[in-house]
Amino acid sequence: MRNQLLKTGEIGVFALGGLGEVGKNTYVFDIEDQLFIVDAGILFPDEHLLGIDYVIPDYQYLVENQERIVGLFITHAHEDHIGGIPYLLKKVEIPKIYAAGIAVDMIENKLLEHSDIKPPKIEEYKSYYKFSFKGVEISFIRMNHSIPDMFGIVFRTKEGILFHTGDFKVDYTPVGPAAEYDKLAAIGAEGVLCLLSDSTNAERDELIPSDSKIGKSINELFSRIEGRIIIATFASNMYRIQQIIEASVLNGRKVAVFGRSMERAIDIGMQTGYIKVPKDYILNAEQINRAKPHELTVLVTGSQGEPLAALSRIANGSHRQIKAMAGDTVIFSSSPIPGNQEGVNKTINKLFRLDVEVITHGPLADTHTSGHGAQSDLKLILSLTRPKMFIPIHGEHRMLKTHKELAIEVGVDPKNILVMDNGDLAAITKDSIRLAGKVTSGEIYIDGTGIGDIGSQVIRERKMLSEEGLFSVVLSINSETKTLINDPTVVSRGFIYMKGNEEITASLSNHVKKMALGELGKKMFNEQTLRQTIVDQLGQIIYELTQRKPLIIPIIVDLK
Ligand SMILES: [Zn+2]
Ligand SMILES: [Zn+2]
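Rules used in this analysis
- Residues numbered from 1 in each chain as written.
- Chains lettered and ligands numbered in written order.
- Predicted model: local features only at pLDDT ≥ 70, side-chain atom pairs only at ≥ 80, totals over all residues.
- Heavy atoms only, no water.
- Helix = DSSP H or I, 4+ residues; strand = E, 2+ residues; numbered from the N terminus.
- Buried < 20%, exposed > 50% of the residue type's maximum accessible area, 1.4 Å probe, protein only.
- Areas by Shrake-Rupley, 256 points an atom, 1.4 Å probe, with all protein chains shown as cover.
- Lys, Arg positive; Asp, Glu negative; His and termini not counted.
- Charge placed at Lys NZ, Arg CZ, Asp CG, Glu CD.
- Core = buried A, V, L, I, M, F, W, Y, C linked by side-chain atoms within 4.5 Å.
- Domains from an automatic or database assignment.
- Contact = heavy atoms within 4.5 Å.
- Pairing = 2+ DSSP bridges.
- Axes fitted to C-alpha atoms, helices over the stretch in contact; angles between N-to-C directions.
- Parallel < 35°, antiparallel > 145°, perpendicular 65-115°, else oblique.
- Nonpolar A, V, L, I, M, F, W, Y, C, P; charged D, E, K, R; others polar.
- Donors = N, O, S within 2.8 Å, 3.2 Å for Na, K, Ca; no water.
- Tetrahedral: all angles 85-135°; square planar, octahedral: opposite > 155°, others 65-115°.

Trainee: What exactly am I supposed to notice about the overall build of the protein chain here?
Mentor: For the protein chain, the count of helices and strands is 16 helices and 27 strands. Per-residue burial over the protein chain gives 54% buried out of 560 residues. Approximately 25,000 Å² of the protein chain is accessible, and the part contributed by carbon and sulfur atoms is 52%. In the protein chain, the 62 positive side-chain charges and the 71 negative ones have mean positions that sit 1 Å from each other.

Trainee: Quick question: what am I supposed to make of the nonpolar core here?
Mentor: Soluble globular proteins: nonpolar side chains tend toward being buried together. Core analysis: the largest hydrophobic core is formed by 66 residues, its most contacted members being Leu 62, Leu 72, Ile 74, Ile 85, Ile 94, Ile 97 and Ile 107. Counting contributing residues per domain, this core is built from domain 1 (11-206 + 370-447) and domain 2 (211-359), each supplying no fewer than three. For Ile 97, the contacting residues outside a window of four places in its chain are Leu 72, Ile 74, Ile 85, Leu 89, Ile 107, Pro 120, Lys 121, Ile 122 and Glu 123. Within the second largest apolar cluster, 34 residues are counted, among which are Val 70, Tyr 98, Ile 391 and Ile 428.

Trainee: What is the right way to read the sheet that holds strand S21 (residues 433-438) from this model?
Mentor: Hydrogen bonds between backbone groups are what pair the strands of a sheet, and the pairing can be parallel or antiparallel. One open sheet accounts for eight strands, arranged S7-S6-S5-S3-S2-S1-S20-S21; its pairing is mixed. Looking at strand neighbours, the two that pair on one side only are strand S7 (121-124) and S21, the edges of this open sheet. Adjacent strand axes in the sheet meet at a mean angle of 25°, parallel and antiparallel pairs treated alike. Two strands pair when backbone bridges link them, and strand S6 (residues 96-99) and S7 are joined in this way by four bridges, in the parallel orientation.

Trainee: Any chance you could explain the packing of helix H7 (residues 238-250) against helix H8 (residues 260-272) here in plain terms?
Mentor: The interhelical angle for the contact between H7 and H8, taken along N-to-C directions, is 90°, at an axis separation of 11 Å. In terms of their interaxial angle, H7 and H8 are classed as roughly perpendicular. Listed contacts from H8 to Met 238, Ile 241 and Ile 245 of H7 are Met 262, Ala 265, Ile 266 and Gly 269. Considering only residue class, the contact of H7 with H8 consists of six nonpolar, one polar and no charged.

Trainee: Explain the domain arrangement of the protein chain here, please?
Mentor: Interface size, as often reported, equals the accessible area lost upon joining of the parts. Assigned domains of the protein chain: these are domain 1 (11-206 + 370-447), domain 2 (211-359) and domain 3 (456-558). The C-alpha-based centres of domain 1 and domain 3 are spaced at 49 Å.

Trainee: I'm lost on the sheet that holds strand S15 (residues 282-283) in this one. Help?
Mentor: Taken together, the six strands give an open sheet; going across it, the order is S15-S14-S16-S13-S17-S18, and neighbouring strands pair in parallel fashion. Each edge of the open sheet is held by one strand with a lone partner, namely S15 and strand S18 (357-359). Relative to strand S16 (residues 296-300), strand S13 (residues 229-232) runs parallel, the two sharing four bridges. Bridge pairing in S16 links Ala 232 to Val 300. Sheet strands in contact with H7 are S13, strand S14 (254-258) and S16, and its direction is about 170° off that of S16.

Trainee: Can you walk me through the coordination of the zinc ion (ligand 1) in this structure?
Mentor: Those donors, His 76 (NE2), His 78 (ND1), His 145 (NE2) and Asp 167 (OD), are the protein atoms that reach the zinc ion (ligand 1), and they lie 2.1 to 2.4 Å from it. Note that the zinc ion (ligand 1) binds four donor atoms; their angles at the metal cover 91 to 166°, and the shape is irregular. If you look at the zinc ion (ligand 1) and the zinc ion (ligand 2), they sit 3.4 Å from each other and are both ligated by Asp 167. One end of the pair, His 76, is in the loop between strand S5 (69-73) and helix H2 (79-82); the other, Asp 167, is in the loop between strand S11 (161-164) and helix H5 (181-190), with 91 residues separating them in the sequence. Under the relative-accessibility criterion, Asp 167 is labelled buried at 1%.

Given below as structure tokens:
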């Protein structure tokens, strides 16, 4: 069934994730009633989502329109673009996944962990490939980013060309292959109807350093350090890992690797040729004990302060193989992702307690650069492609808004720019762009094992528990004789200390007693109603007394 919000001939564009946030990028192009999905990412939540490992989009729209899905097109292998694939495949049948280079390996690897999924064919595309569908031709443009094989996607339609940039920075001296600026200029000359472009760094107007500059800086840093080096970075940043290995080799250091995702990245990187290490330069856990401090680089996960990652365990003193000590230098070759700052600070403080030297990215040492272009980069892409219409993507609302301003400066008509939220549907023809309405969108929370979806109710309860504590009321009744067996017992955890508050607890118990007798006295006694009455009325009383809203759990034992 075609989307009724679209008029015949209109192209639909919407996001299930990625607008108003940096994460869970999932964009959908509805062209000639065919759905082309671009990316299927996850979002790493901040600390407000207690105990939640990640967030995925609500895929309901795709479930309902499954038969129109043509394929899933992956721009690159970052988790905010591929992390949702297993969850998407559990809900929706996808005819084919299109991915390039390292993304193919990363996706295959990821799907190995989900034996319950029968994955579709993964078609590996190259930058010069073209795929034809009814009324659409899809092709690719290589861009530079903090992971190899990042491609923008070109949709050539009857209405005109739509170009989705994916994540990018403009790097004239990239570590890997150069971006295909010639292709960008070519589609610009041909005429781009609508550009969708990465807004992550739209608010930054400085120059984002080239990746090769960071390589030089790491090498220089290594040459000055005498003791053991422990360095943390993103496992997905193959270029950075290669730079760290090269700096180690140049400075006579061998490399030990800790952390599951880092070990896996090095395996995949070496198999695919993205990471090159001279023979015998990777040490195993036993060999590191024999290496002298100045001959050793320890490459670890945990650059974001993740509690279970190798670096956090080293900082806690709970890592089995690596004990950090005076003389060691810990380098963060990363910047904290918004939301992770606190975790990173905790790790750094613990490392300082161990008397180790800590170097983070900053004015003194260029140990990291962003993978996303700042204002001048964004303007360059706008200038090369010269789009008639523009939709800023991949960013929080204010980043999208700033990106809109940049597009106006470069000459895009403000009427032709849509700043959208997840679920907003843009309808595009060669002459017009309009907001056509909304499709179903939302968030699904994935907890721990990733087995169950968690609703927002659970999150609310966890939040209440952590901030306001828990309050349980135990009462024994006999629903047949309609009597209360004994006085209700009130138990609290994390709410008020029971000792010294006997008066409050006695009065609360008394209130519950009255509620119970009131309900029992009714002609039709209903345990569920009693439970709800306790939650509502007791909640009200407690709030009036203490201005707090603990989680209230009535436990009713019916001894009929
Ligand atoms: Zn990315
Ligand atoms: Zn991204």
